[in-house]
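# Working through the structure, step by step
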Amino acid sequence: MIKAVMVMNTQGKPRLAKFYDYQPVEKQQELIRSVFTVLSSRAENVSNFMEAESIFGPDSRLVYKHYATLYFVFVFDSSENELAMLDLIQVFVETLDKCFKNVCELDIVFNYSKMQTVLDEIIFGGQVLETSSTEVMKAVEEISKLEAASNAITLVPAKYASGWNRR
């Protein structure tokens, strides 16, 4: 099971933190700080896989990928394969790239809900749902269409709404 997904910048600011088992906010912040401290002190030429038992408790592993100014971090237990988790990070980043045309930190900051939607299409409740970025993009586009359609629905007929605008 996946225990947590985190995206943080190189200064340690979390851009996304999703925990799939309950953690109080203070504990979440402590975990994020601990993960950042460990990641920022690691050399570039070491493995992207780590034991995370000292941070997340027994049976915890951590895999991360550093892209430009962002760390993408997945924390999981022994039921998940490390290489599969690394590939899942790649799928997540590829899908974000498709959504935002070469994703950067600002895209994540200003389009947080879209990033959440992408993540929810890939992982739900700590379980992997989809590993194809193409399928994830289809679902995200469908959700975007539904949101746009629901935003277009008004409860006030147009002929009355236009009268309110003139007052």
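Residues numbered from 1 in each chain as written. Predicted model: local features only at pLDDT ≥ 70, side-chain atom pairs only at ≥ 80, totals over all residues. Heavy atoms only, no water.

Looking at an unreviewed UniProt entry, one finds the protein named AP complex subunit sigma, with Punica granatum as its source organism. The Sequence similarities (unreviewed entry) field of the UniProt record for the protein holds the comment "Belongs to the adaptor complexes small subunit family." (UniProt positions renumbered as here; feature names shortened; annotations may be inferred.)

Time to look at the state of the cysteines. As enumerated under the stated definition, the model contains zero disulfides in all. Cysteine Cys-99 shares no disulfide, and the gap to the nearest cysteine sulfur, in Cys-104, comes to 13 Å. Owing to a relative accessible area of 13%, Cys-99 belongs among the buried residues under this scheme. Classification of Cys-104 by relative accessible area gives partly exposed; the value is 36%. (Disulfide = S-S within 2.5 Å. Buried < 20%, exposed > 50% of the residue type's maximum accessible area, 1.4 Å probe, protein only.)

Once that is clear, we can look at the layout of surface pockets. Where empty space is left can be seen by rolling a probe of water-molecule size over the atoms. Of the pockets and cavities examined, the largest pocket occupies roughly 150 Å³. Around the largest pocket, the lining residues are Tyr-67, Ala-68, Thr-69, Leu-70, Phe-72, Val-93, Asp-97, Asn-102, Val-103, Cys-104, Glu-105 and Ile-108. Taken together, the elements giving at least two residues each to the lining of the largest pocket come down to strand 5 (70-76), helix 3 (82-100) and helix 4 (105-110). Looking at side-chain class alone, the lining of the largest pocket contains eight nonpolar, two polar and two charged residues. (1 Å grid on protein atoms, 1.4 Å probe; cavity = no way out; pocket = protein on both sides within 12 Å on 5 of 7 lines; lining within 4 Å. Points joined across faces, edges and corners; volume = space filled by probe spheres on them. Helix = DSSP H or I, 4+ residues; strand = E, 2+ residues; numbered from the N terminus. Nonpolar A, V, L, I, M, F, W, Y, C, P; charged D, E, K, R; others polar.)

To continue, consider the sheet that holds strand 2 (residues 14-19). Pairing is antiparallel in the open sheet, where five strands are placed in the order 2-1-5-4-3. The sheet is open, and its two borders are formed by strand 2 and strand 3 (49-51), each paired with just one other strand. Adjacent strand axes in the sheet meet at a mean angle of 15°, parallel and antiparallel pairs treated alike. Sheet analysis places strand 4 (residues 61-67) next to strand 5, joined by seven bridges and oriented antiparallel. (Pairing = 2+ DSSP bridges. Axes fitted to C-alpha atoms, helices over the stretch in contact; angles between N-to-C directions.)

Bringing the side chain of Arg-61 into the picture now. Mapping Arg-61 onto the fold places it in strand 4. Aside from chain neighbours lying at most four places away, what touches Arg-61 is Phe-49, Met-50, Glu-51, Ala-52, Phe-74, Val-75, Phe-76 and Glu-82. (Contact = heavy atoms within 4.5 Å.)

As judged from the three bridges shared by strand 3 and strand 4, these two strands associate in the antiparallel manner. Bridging across to strand 4, Met-50 finds its partner in Leu-62. Between strand 4 and strand 5, which pair antiparallel and follow one another directly, the connecting turn spans two residues, one of which, Ala-68, has a positive phi of 50°.

What follows deals with the nonpolar core. With 29 residues, the main nonpolar core has Phe-72, Phe-92 and Ile-123 as its most contacted residues. Apart from residues lying up to four places away in sequence, Phe-72 is in contact with Met-6, Val-7, Val-63, Tyr-64, Lys-65, Tyr-67, Ile-89, Phe-92, Val-93, Leu-96 and Ile-108. (Core = buried A, V, L, I, M, F, W, Y, C linked by side-chain atoms within 4.5 Å.)

As for its position among the elements, Glu-142 is in helix 6 (residues 133-152). Taking the C-alpha atoms as reference points, Glu-142 and Gln-90, separated by 52 residues in sequence, lie 22 Å from one another.

Time to look at the pattern of salt bridges. For the coordinates displayed, the defined rule picks out six salt bridges. As a salt-bridge pair, Arg-61 and Glu-51 come within 2.2 Å of each other at their nearest N and O atoms. Remark: Glu-51 occurs in strand 3 and Arg-61 occurs in strand 4; sequence separation between them is 10 residues. Assessed through its relative accessible area of 48%, Glu-51 is described here as partly exposed. Between Glu-82 and Arg-61 there is a salt bridge whose closest N-O contact spans 1.9 Å. Pair noted here: Glu-82 is in helix 3 and Arg-61 is in strand 4, with a separation of 21 residues, a long-range link. Judged by its relative accessible area of 18%, Arg-61 falls in the buried class. What you see here is one network of salt bridges that share partners, running through Glu-51, Arg-61 and Glu-82. (Salt bridge = Lys/Arg side-chain N within 4 Å of Asp/Glu carboxyl O.)

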